[in-house]
Amino acid sequence: MIPTPDLSHLTRDDLEQVYDPAEDTFLLLDALEQEAEELRKERPLICLEVGSGSGCVSAFLGRILGQSSSLYLCTDINKHATRCTLATGKQNKITLDPVTCSLTRPLSSRLRHAVDILLFNPPYVPTDTGEASSAQNSANIAGSWAGGTDGMEITNLLLRDVECLLSPRGRFYLVALKQNDVPSIRSRMLEEFGLTSQIVIERRAGKEFLLIIRFTRTSP
Ligand SMILES: C[S@@+](CC[C@H](N)C(=O)[O-])C[C@H]1O[C@@H](n2cnc3c(N)ncnc32)[C@H](O)[C@@H]1O
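Note on numbering: residues in each chain are counted from 1, in written sequence order. This being a predicted model, a pLDDT of at least 70 is required before a residue's local features are given, and a value of 80 or more before pairs of side-chain atoms are given or counted; all residues contribute to the totals for chains, interfaces and linings. To get the side-chain values, all heavy atoms of the structure are used, and hydrogens and water are removed first.

Asks: How do you make sense of the side chain of Thr-127 when you look at a structure like this?
Replies: Secondary structure elements are taken from DSSP: a helix is a run of H or I of four residues or more, a strand is a run of E of two residues or more, and numbering for both begins at the N terminus. As for its placement among the helices and strands, Thr-127 is situated in the loop between strand S4 (115-120) and helix H6 (129-138). A distance of 2.9 Å separates a polar side-chain atom of Thr-127 from the backbone nitrogen of Gly-148. Throughout, a residue-residue contact means that at least one pair of heavy atoms, one from each residue, lies within 4.5 Å. When neighbours within four sequence positions are excluded, Thr-127 is seen to be in contact with Ala-132, Ala-146, Gly-147, Gly-148 and Thr-149. By the criterion applied in these results, polar contacts are pairs of N or O atoms within 3.5 Å in which, for protein atoms, one can donate a hydrogen and the other can accept it, and in which residues neighboring in sequence qualify only through two side-chain atoms.

Asks: Before we go on, may I ask you to explain the packing of helix H7 (residues 153-165) against helix H8 (residues 182-193) in this structure?
Replies: How two helices pack is summed up by the angle between their axes together with the distance between the axes. Lines fitted to C-alpha atoms define the axes, with helix axes restricted to the stretch in contact, and inter-axis angles between N-to-C directions lie between 0 and 180 degrees. One can describe the packing of H7 onto H8 by two numbers: an axis separation of 10 Å at closest approach and a directional angle of 35°. Handedness of the crossing formed by H7 with H8: right-handed. On H8, the residues that touch Asn-156, Leu-159, Arg-160, Val-162 and Glu-163 of H7 are Ile-185, Arg-188, Met-189 and Phe-193. As a working rule, the residues Ala, Val, Leu, Ile, Met, Phe, Trp, Tyr, Cys and Pro are called nonpolar, Asp, Glu, Lys and Arg charged, and the rest polar, with Gly in that last group. Taken together, the residues of the contact of H7 with H8 break down into five nonpolar, one polar and three charged. Crossings are assigned a handedness: left-handed for a near helix turned anticlockwise from the far helix by less than a right angle, right-handed for a clockwise turn.

Asks: Help me out: how do you make sense of the packing of aromatic side chains in this one?
Replies: Pairing of aromatic rings covers Phe, Tyr and Trp, the last through its six-membered ring, and needs centres within 6.5 Å; plane angles under 30 degrees mean stacked, over 60 mean edge-to-face, and all others mean tilted. In total, this model carries one aromatic pair according to the counting rule given. Taken together, a centroid distance of 5.5 Å and an interplanar angle of 25° make the contact between Phe-172 and Phe-215 stacked. Of this pair, Phe-172 sits in strand S5 (residues 166-177) while Phe-215 is found in strand S7 (residues 208-217), placing the two residues 43 residues apart along the sequence. For the pair Phe-172 and Phe-215, a shared accessibility class is recorded, and that class is buried. Distance and angle both matter: a charge sits over a ring if NZ of Lys or CZ of Arg is within 6 Å of the ring centre and within 35 degrees of the ring normal. Geometry around Phe-209 places Lys-178 over its ring, the cationic atom sitting 5.0 Å from the centre. Relative accessible area decides the class of each residue, using a 1.4 Å probe on protein chains only: under 20% of the type maximum gives buried, over 50% gives exposed, and in between gives partly exposed.

Asks: Quick question: what am I supposed to make of the site of the ligand here?
Replies: The full set close to the ligand counts 20 residues, and Thr-25, Gly-51, Asp-76, Leu-103 and Gln-136 are the nearest of them. Note that a nitrogen atom of the ligand is positioned 2.8 Å from one of the backbone N or O atoms of Gly-51. Between Gln-136 and the ligand, the recorded distance is 2.8 Å, taken from a side-chain N or O atom to a nitrogen atom. Throughout, the Shrake-Rupley method with a 1.4 Å probe supplies accessible areas, and for residues the shown protein chains are the sole cover considered. For the ligand, the accessible surface in isolation is 600 Å², of which the surrounding protein chains cover 99%. Site definitions follow a grid-based scheme: protein atoms alone, a 1 Å grid, a 1.4 Å probe that fits but cannot get out for cavities, and for pockets an open set with protein on both sides within 12 Å along at least five of seven lines, plus lining residues having an atom within 4 Å of a point. Whether a molecule lies in a cavity or pocket depends on its atoms, and more than half of them have to be within 2 Å of the grid points. At a threshold of 2 Å from the grid points, most atoms of the ligand map onto the largest cavity. Residue classes in the shell around the ligand are distributed as seven nonpolar, ten polar and three charged. Whether a residue is near a molecule or strand depends on its heavy atoms: if one lies within 4 Å, it is near.

Asks: Got a minute to help me understand the pairing of strand S3 (residues 96-100) in this structure?
Replies: Walk down a regular strand and you will see the side chains alternate between the two sheet faces. Alignment of strand S2 (residues 71-76) against S3, held across five bridges, turns out to be parallel. Pairing of Thr-75 across the sheet is with Val-99, part of S3. As a crossover connection, the stretch from S2 through helix H5 (residues 79-91) into S3 is right-handed. In this scheme, strands are said to pair when DSSP sees at least two bridges between them. Clockwise travel from the first strand over the helix to the second, with the strands pointing away from the viewer, marks a crossover as right-handed.

Asks: Just checking my understanding: could you explain empty space enclosed by the protein for this structure?
Replies: Take a probe with the size of a water molecule and roll it over the atoms, and the empty space left behind shows itself. Grid points are joined across faces, edges and corners, and a volume is the space filled by probe spheres set on the points. Summed over all chains, the structure comprises one cavity of 30 Å³ or more. Approximately 380 Å³ is the volume attributed to the largest cavity. Residue lining of the largest cavity: 31 residues in total, with Gly-51, Ser-52, Gly-53, Asp-76 and Asn-121 positioned closest to the centre. Elements supplying a minimum of two residues to the lining of the largest cavity: helix H2 (23-34), strand S1 (46-50), helix H4 (56-65) and S2. Taken together, the residues of the lining of the largest cavity sort by class into 14 nonpolar, 14 polar and three charged.

Quick look at the structure:
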């Protein structure tokens, strides 16, 4: 069992401003742990977590893959999150390189077909569009959950860029809620971008039914 990263350095004040790892975070850790052997075999060079929050997931990935061979890039719209991500890397002796920005904006063109592991635990809770856009504009803790119509408005923005970011052997792990209409996400990614998908793990957590979907390029 791979230990959960040490987050004891995060203060109450930090967790008022940044997403406190929860069931969705831990389901993503479990999916990565389940795939650990395959991930190590792939020897990923560039890992990119969008919306890294506390940095828990990237630090965990760092534990799986080790520091020496991979670069761990992280983005978050919330500047407190990028500060916590950096601190979580230090606390767990993994160098994480966080950037405060929306999705992958300043990095996309540089990372074209270069990302071996892409991770996103998005704001997936269905809200009205106004709430999601106000959360995005304020770049605060509300941006951790407010997902707009069907909980998909922020996720959809990233889905458009996934094919461009993924390397030929790249894998994209997405956290989704059943209400996000997972079959439609999967068929859209196949039809529009030729990315096939698998459900790696799924779990009920209170009122939520959560899934981790893995996307890869269709085999030639
Ligand atoms: C559900 S939280 C997940 C945090 C962390 N990855 C985890 O699993 O615990 C979603 C994260 O996405 C970030 N986020 C929301 N909109 C974003 C955007 N447009 N670009 C980058 N990050 C965003 C939020 O600030 C938050 O940290």
